[in-house]
Each structure stands twice: as structure tokens, then as C-alpha cells.
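Summary of structural features
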Amino acid sequence: MLDKKKIKEILETRFQKDIHTKVSEIPLPSSLKDSYKAASRIKTAIENNEKIAIVGDYDVDGIVSSVILADFFDLLGVDFFVKIPNRFSDGYGLNPKILEEISGVKLIITVDNGISAVEAAEICKKRGIDLIITDHHMPPPVLPRAYAIINPKQSDCSFPNVEICGAEVAWYLVGALKDVCGVEYNMSNDLDLLVIAIIADMMELRDMNRVLVKLGIKKLNSSKRPAFFAIKNLYSKDKFEFDDISFLIAPLINSTGRMDDASLSYKFLRAKNYKNAKYFLDKIVDLNESRKDEEKTLYESSKALVSKDDEIIVAWGKNWHEGVIGIVASRLCKHYKKPAIVFSVDEHRAKGSARSVNKFDILRLIASQKELLISFGGHKGAAGIVIESKNLPKFKEAINSSCFLQDLDGISPYADEILGEIDIKELDLELLDILEFFEPYGQKNPKPIFEIKNAIVSNVRTIGKEKNHIKITIEKNNIYKEALYFNYDFMPKEGDRVDLIASVIKNSFKNTITPEFVIKELCLAKN
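Under the annotation held in an unreviewed UniProt entry, the chain carries the name Single-stranded-DNA-specific exonuclease RecJ and is attributed to Campylobacter ureolyticus. The chain has a UniProt comment under Sequence similarities (unreviewed entry) that states "Belongs to the RecJ family."

Now the structure itself:
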């Protein structure tokens, strides 16, 4: 049975191998291959009054990367423009179509993309355009022929073995450029943005990332950026918590790329005054509400297609919104506790988004059916797929009869996160302090989950506008604690003995802080 001392000891072990534990210890820009080569070329462009193009990406990481570089270029008085591709009309990253829109430049810099832009790089060479690629995605066997490539995953790059996002790579380029140009610039100015990109792009929250996000949340709360004042005012926030980044700020910034055009979020983050920031935020909120409506519709449509016999959920529909199928796949995973793949189908092709549970390698499973696919990519936990529409039934049948499915046997979606069984008397303000000390939680530092066994339900009530959540009171050894169950799939009765898996949250109401359990799984007690 876990007590507070044991919980603290377990959480401390997660960071024992961290090398960079202070901001003064994080790697220097010189540890990234080509960073100074790229910076020198940019300095030459500035001195020669060359126009520079920045090509970003339509997710949070790509948008923030673009803002970080653009802010620094403004400081230097650079002649530049930013192109963030439209998910629906431009496609992903630097590509031949994007290059058709870019004219009158001799230097292009990509942020959070470009490592696979082999064809686009050849076009740049033919046009006499120097291409600087900054990216963090896995390099392909054949790299683009670019002037400089800054990517920590290159085999000949000396950057430490720490996963960093595209915005961090762009930030390091700013560091090298600051050095080469000999300008005064406080690199911590960008931490209010970096913390959002690191968390939104699900980077490992250990080592240098842990250092940066802990400093970043402080910078975010003291930031003078009008965009963050606008969010605080709209949602009546005195300060941002780490969860606000994951569940409020990142979804807002992401919604523009999912539903319309990500340049709206870029303009929002770059707004110079509150009036402009509020103008863009109102538009973003409308898009985010549309995203939620679309997501809800597709989620219900997908659920209607799920067979309980399927080990892997595969659902598709005609012209389903490509911007939300990934979110729908995540929701299906959570609801059914199984991997899920959701496709949007047009006349000839289907574009799919896959999400996994726990340690199950969804990319490996998808790769086993590569002869049926047009293209695919991603990692263990999430992947993208393109397939001919006519092959969807065959694909669904094939992956549901795959030998890899034995890897799913007995896996609980929360197996990695469960610290152990806790005595409910340990739920108090001291435990909240311990858990907050080890924030932020995410990749490689999952939010602690606890088992509670054989508790008695003493009260149950539905809550929420749609009555889709419940709040229960559980009792063990004459100690009573509150527990919330959002989007519940099982409602116990008073007097039932139950087992549950739950995390802990801080409930602040009328200046009173109360620790509560948040239920992940709930069932009748097994003994």
C-alpha cells in the first residue's frame, strides 16, 4: 500500500538519469550540426538585404516555431515573410506546390518540417535558392540536398539524446544567429512560447525539456504577449497551470490548422496589442467550437461502426473532416481501450489517423500491411495512413487478424502510469504538493495513477449540462473521499463495493482547495 513517502520516492526515480537539470547545463547551439553554418548564411542575407521566406507547419509546434523566428527577425529588421501551409489546399510542409507561391527569394528556412522535402530541395537548387532546413522529425535514408540541415536526429549530429520539438530547434537557430550577429537578446524571452510547443507536441518531459517547461510556465504567466492576456481574460484565469496548456491553449492554437488556416493562430500569437489579439481570439474560439461540433458528430458516427469483436477499431466515412479524425481516433481509444484508426474517404483515396494504447506499436502493425497502402508514417503511438478507398475492408480484416495483436493481450491502457494501490486517507493537501512538485506530467513522466480496491460507494450523483459525468463518494475504514468520473461508462449504486483506477486533481472553489480523485476505470470489486 502506497504512502506519501513511497510515492515521492517512485517519482524521484524518473529523473535519476537526467543530465541537464539546470538551464545553465542545457546544450549550446554549437552542439547542433549546421546551426552556425545556417546562421552565417542568414547573416549574409540580412547584410545584403535579401528577402527570406520562412515555411512553417499547421500544428502548434510549427506555428510557435514560425513565431519565434519571426519575432527575432523583426528585432533584426529582416525583410522576410512567413508561409504556413494550409492543411487542405497546400498539404504538409515544404513541397513543390508551396514553392510555386514563393518568388523573389534566395533563401528559404523551414521550421518543424523539411527533413523529407527531397523533391522541393531539388527545385530550390535549380532555382538558385539556398535552403535551410530546421526540423526534429526522423530523417529519411536520403536527405534533401539543402544548404544546411539542423536536426538533432541526424546520425552525425552531436546533440545529446534528448527528444526536442521543432520550436526548440528554431530557438537554437536564434541562439546561433544571436551569436553570429553579435546582438543582445535574452533567450528566455521565448520560453512563454516554447513551453506550449514542448507540451503540445508531446515531447519527453525529462532532462532539458523539464527544465525549460518549468521555467516556461513562469514566463507564460508573466508574459506581456497580448495573446495570453486575451486568453486569461476570456476564460477568467488569474494564472495558467500546466493542464491549461494541454487542455485550453494548445487546442485553441491547433484548431485553426484543423478547421481552416493556421496563419490565424500565427497572427494571434504575434498580435501587438490587446484589441488585435481579442479580434483573432474570437475567430479562433468560433473555429474551436466548430471543431468540437465536428468532432462530436464524427465520434458518434464512428462508434456506430465499431464491432465489439474487433481488436483494432477501424472506421471510415465519406468526406469526414480530415482535421478532426485524429482527435476522434484518440477518443475511440480512450472509450474502447483499444487502438483505433479513423479514415476520411473521398472518391479515390482515404486518409487515416491512427492512435494506440499503452505500449502497443501501432506503426509496426500498419507497416505489416504496407502492400495495401499508398503511404504511411508516424511512431509507436500515432500514425498517418493513405490508402485506396477500395482497400479499406481488406485492410480492416488484415490488421484484425494480425499476429501482432498478441501484444495487446492483457494490456491496461493505464499500466505504465499506475504507481500502485493507495490508501484513500493519503489524499490530502500534502499529497497535492508532492504531485505538483513533479509536474509537468506527460511523455516519460506520466501523471500518477493509483489503484483503490474494495471501496464502498456511499453517494452517487450525475453532474454536467448533459448529465454525462458522475460524482461519487467512496468510503474505506470510515474515511470518505470524493471522486469524479467524466463521460462515465458504468454507474455504481450506493452500497456497491468497487475497484477503481484514478488520478488526483486540485479542486479550487471559492478560495478553498480540495484534493479529489478523477476516475479512469471503475468496476465492481473483484473480491
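Turning next to the nonpolar core. Core analysis: the biggest nonpolar cluster contains 97 residues, and Phe73, Phe268 and Leu269 have the highest contact counts within it. Formed jointly, this core draws a minimum of three residues from each of two domains, domain 1 (32-275) and domain 2 (305-402). With residues near it in sequence (within four places) discarded, phenylalanine 268 still touches Ala227, Ala230, Ile231, Ala277, Phe280, Leu281 and Ile284. Counting residues in each nonpolar core, the second largest holds 31 residues, with Leu11, Phe450, Val457 and Leu522 among its members.

Now for the domain arrangement of the chain. Segmenting the chain into domains produces domain 1 (32-275), domain 2 (305-402) and domain 3 (418-524). The centre of domain 2, based on its C-alpha atoms, is set 32 Å off from the matching centre of domain 3.

Applying the stated criterion across every chain yields a total of eight aromatic pairs. Considering the side-chain rings of tryptophan 171 and tyrosine 172, the 5.6 Å spacing of their centres and the 65 degrees angle between planes classify their relative orientation as edge-to-face. Between phenylalanine 343 and phenylalanine 395 the ring centres are 6.0 Å apart and the planes differ by 90 degrees, which places this aromatic pair in the edge-to-face class. One end of the pair, phenylalanine 343, is in strand β7 (residues 340-345); the other, phenylalanine 395, is in helix α15 (residues 392-399), with 52 residues separating them in the sequence. Judged on exposure class, the residue phenylalanine 343 and its partner phenylalanine 395 are both buried. Through pairs of rings, three or more aromatic residues link up here, namely Phe15, Phe437 and Phe438. Taking NZ or CZ as reference, lysine 37 lies 4.9 Å from the ring centre of tyrosine 147, over its face.

Another aspect to go through is the packing of helix α9 (residues 226-234) against helix α12 (residues 274-303). Closest axis-to-axis distance for the α9/α12 pair is 8 Å, and the angle between their directions is 60 degrees. Compared by their axis directions, α9 and α12 come out oblique. Considering only the axes of α9 and α12, their crossing is right-handed. Counted together, Pro226, Ala227, Phe229, Ala230, Ile231, Asn233 and Leu234 of α9 and Tyr274, Ala277, Lys278, Leu281 and Val285 of α12 form the full contact between these two elements. Here the contact of α9 with α12 is composed, by residue class, of ten nonpolar, one polar and one charged.

Restricting attention to buried positions, one finds in helix α5 (residues 118-127) the residues Ala120, Ala121 and Cys124. Within α5, the buried residues cover an arc of 100 degrees as seen down the axis, which keeps them to one side. In α5, the exposed residues that point more than 90 degrees away from the buried face are Glu119 and Lys126. Lining the buried residues of α5 we find α4 (96-101), β3 (107-111) and β4 (130-134).

This part is about the UniProt feature "domain: DHHA1" (unreviewed entry) in the chain. As recorded in UniProt, the sites labelled "domain: DHHA1" (unreviewed entry) are residues 311-401. Along residues 311-401 one finds 29% helix and 35% strand; the C-alpha atoms at either end are 9 Å apart.

Time to look at unusual backbone geometry. Glycine aside, residues mostly have negative phi angles, and peptide bonds mostly take the trans form. Between glutamate 439 and the following residue, proline 440, the backbone shows a cis peptide bond with an omega angle of 0 degrees. The phi dihedral of asparagine 49 is positive, around 55 degrees, even though this residue is not glycine. Looking at the element boundaries, asparagine 49 is found in the loop between α2 (35-47) and β1 (52-55). According to the relative accessible area criterion, asparagine 49 is exposed, its value standing at 65%. Backbone geometry places asparagine 487, a non-glycine residue, at a positive phi of 50 degrees.

A word on the environment of aspartate 310. Mapping aspartate 310 onto the fold places it in the loop between α12 and β6 (313-318). Owing to a relative accessible area of 14%, aspartate 310 belongs among the buried residues under this scheme. Each C-alpha atom, one on aspartate 310 and one on asparagine 400, is 6.5 Å from the other, the two residues being 90 residues apart in sequence.

The rules behind the values
Residues numbered from 1 in each chain as written. Predicted model: local features only at pLDDT ≥ 70, side-chain atom pairs only at ≥ 80, totals over all residues. Heavy atoms only, no water. UniProt positions renumbered as here; feature names shortened; annotations may be inferred. Core = buried A, V, L, I, M, F, W, Y, C linked by side-chain atoms within 4.5 Å. Buried < 20%, exposed > 50% of the residue type's maximum accessible area, 1.4 Å probe, protein only. Domains from an automatic or database assignment. Contact = heavy atoms within 4.5 Å. Phe/Tyr/Trp six-rings, centres within 6.5 Å; stacked < 30°, edge-to-face > 60°. Helix = DSSP H or I, 4+ residues; strand = E, 2+ residues; numbered from the N terminus. Lys NZ or Arg CZ within 6 Å of the ring centre and 35° of its normal. Axes fitted to C-alpha atoms, helices over the stretch in contact; angles between N-to-C directions. Parallel < 35°, antiparallel > 145°, perpendicular 65-115°, else oblique. Left-handed = near helix turned anticlockwise from the far one by under 90°. Nonpolar A, V, L, I, M, F, W, Y, C, P; charged D, E, K, R; others polar. Arc of directions from axis to C-beta.

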